[in-house]
Amino acid sequence: MYITKGKSLEKYEVTTETNGSLYNMDYKKVEPIGTSPVGLLNSALVGCIIMGIKSYYNIMGIDVKVEVESRLDGMNIDMDIQIDTEISEAELERLLAFIDEKCTVSKMLSKDVKVTKKIRGV
């Protein structure tokens, strides 16, 4: 389970803490303190994809380096993934299936996720 606590700072600045890690978000275009919430989601997706690829190859005892560039525009995400090893078409299909199975962030984006909100005033 992940527990995230967040609080507003100035204007649209937000700081959150998830299981001991701090993240800053901002909606300003000039001198932001961090990325936007959507940018943070894109970062989470990239991290999950990289970890999935590393896990796939780790099972085979192979240490690979992975670089991902993800371009999120509206509701479209285009990813360019570089792996420092040769990969056949058959292997690519197995790797993509593995990532689809293991990447929880990707699964959350592709399914209806129930979010319950309880709002309290002072």
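As recorded in an unreviewed UniProt entry, the protein goes by OsmC family protein and comes from Streptobacillus felis.

Caption draft 1: Main features of the pattern of salt bridges. Taken as a whole and judged by the stated rule, the model has six salt bridges. Linking Asp26 and Lys28 is a salt bridge whose minimum nitrogen-to-oxygen distance equals 3.5 Å. Given the relative accessible area of 2%, Asp26 is considered buried. For Arg94, the salt bridge goes to Glu91, with nearest N and O atoms at 2.6 Å.

Caption draft 2: Broad picture of the packing of helix α1 (residues 37–59) against helix α2 (residues 89–102). With their axes 9 Å apart at the nearest point, α1 and α2 run at an angle of 125° to one another. Put simply, α1 runs oblique to α2. Note that α1 runs across α2; the crossing there is right-handed. Across from Ile49, Gly52, Ile53, Ser55, Tyr56, Tyr57 and Ile59 in α1, the residues of α2 making contact are Glu91, Arg94, Leu95, Phe98 and Ile99.

Caption draft 3: Layout of the nonpolar core. Counting residues in each nonpolar core, the largest one holds 15 residues, and the members touching the most others are Ile49, Ile53, Tyr57, Leu95, Ile99 and Cys103. Elements represented by at least two residues in this core include exactly α1, β4 (66–73) and α2. Here the element with the most residues in this core is α1; it accounts for seven residues. In contact with Tyr57, not counting residues within four places along its chain, are Ile62, Val64, Ile83, Thr85, Ile87, Glu91 and Leu95.

Caption draft 4: Representation of α2 in the model. Between its first and last C-alpha, α2 extends 20 Å over 14 residues, near the 20 Å set by a 1.5 Å rise per residue. Of the surrounding elements, those touching the buried residues of α2 are α1 and β5 (76–83).

Caption draft 5: Layout of the layout of surface pockets. When its volume is computed, the largest pocket comes out at roughly 880 Å³. Around the largest pocket, the lining comprises 22 residues; the ones closest to its centre are Tyr2, Thr18, Tyr23, Ala44 and Val105. Of all the secondary structure elements, the ones that give two or more residues to the lining of the largest pocket are β2 (14–18), β3 (21–25), α1 and α3 (104–110). Element by element, the count of residues in the lining of the largest pocket is highest for α1, at eight residues. Broken down by class, the residue content of the lining of the largest pocket amounts to 13 nonpolar, eight polar and one charged. Domain assignment of the residues forming the lining of the largest pocket places at least three in each of domain 1 (1–34) and domain 2 (37–121).

Caption draft 6: Region of interest: the domain arrangement of the protein. Looking at the assigned domains, one finds that the protein contains domain 1 (1–34) and domain 2 (37–121). Each of domain 1 and domain 2 has a C-alpha centre, and the two are 22 Å apart.

Caption draft 7: Examining the packing of aromatic side chains more closely. One pass over the structure, following the stated rule, counts three aromatic pairs. With a centroid separation of 6.3 Å and 70° between ring planes, the pair formed by Tyr12 and Tyr27 is classed as edge-to-face. Highlighted residues: Tyr12 in the loop between β1 (4–8) and β2 and Tyr27 in the loop between β3 and α1, separated in sequence by 15 residues. In this structure Tyr27 comes out as exposed when scored by relative accessible area, which is 56%.

Cut-offs and rules
- Residues numbered from 1 in each chain as written.
- Predicted model: local features only at pLDDT ≥ 70, side-chain atom pairs only at ≥ 80, totals over all residues.
- Heavy atoms only, no water.
- Salt bridge = Lys/Arg side-chain N within 4 Å of Asp/Glu carboxyl O.
- Buried < 20%, exposed > 50% of the residue type's maximum accessible area, 1.4 Å probe, protein only.
- Axes fitted to C-alpha atoms, helices over the stretch in contact; angles between N-to-C directions.
- Helix = DSSP H or I, 4+ residues; strand = E, 2+ residues; numbered from the N terminus.
- Parallel < 35°, antiparallel > 145°, perpendicular 65-115°, else oblique.
- Left-handed = near helix turned anticlockwise from the far one by under 90°.
- Contact = heavy atoms within 4.5 Å.
- Core = buried A, V, L, I, M, F, W, Y, C linked by side-chain atoms within 4.5 Å.
- Expected span 1.5 Å × (residues − 1).
- 1 Å grid on protein atoms, 1.4 Å probe; cavity = no way out; pocket = protein on both sides within 12 Å on 5 of 7 lines; lining within 4 Å.
- Points joined across faces, edges and corners; volume = space filled by probe spheres on them.
- Nonpolar A, V, L, I, M, F, W, Y, C, P; charged D, E, K, R; others polar.
- Domains from an automatic or database assignment.
- Phe/Tyr/Trp six-rings, centres within 6.5 Å; stacked < 30°, edge-to-face > 60°.

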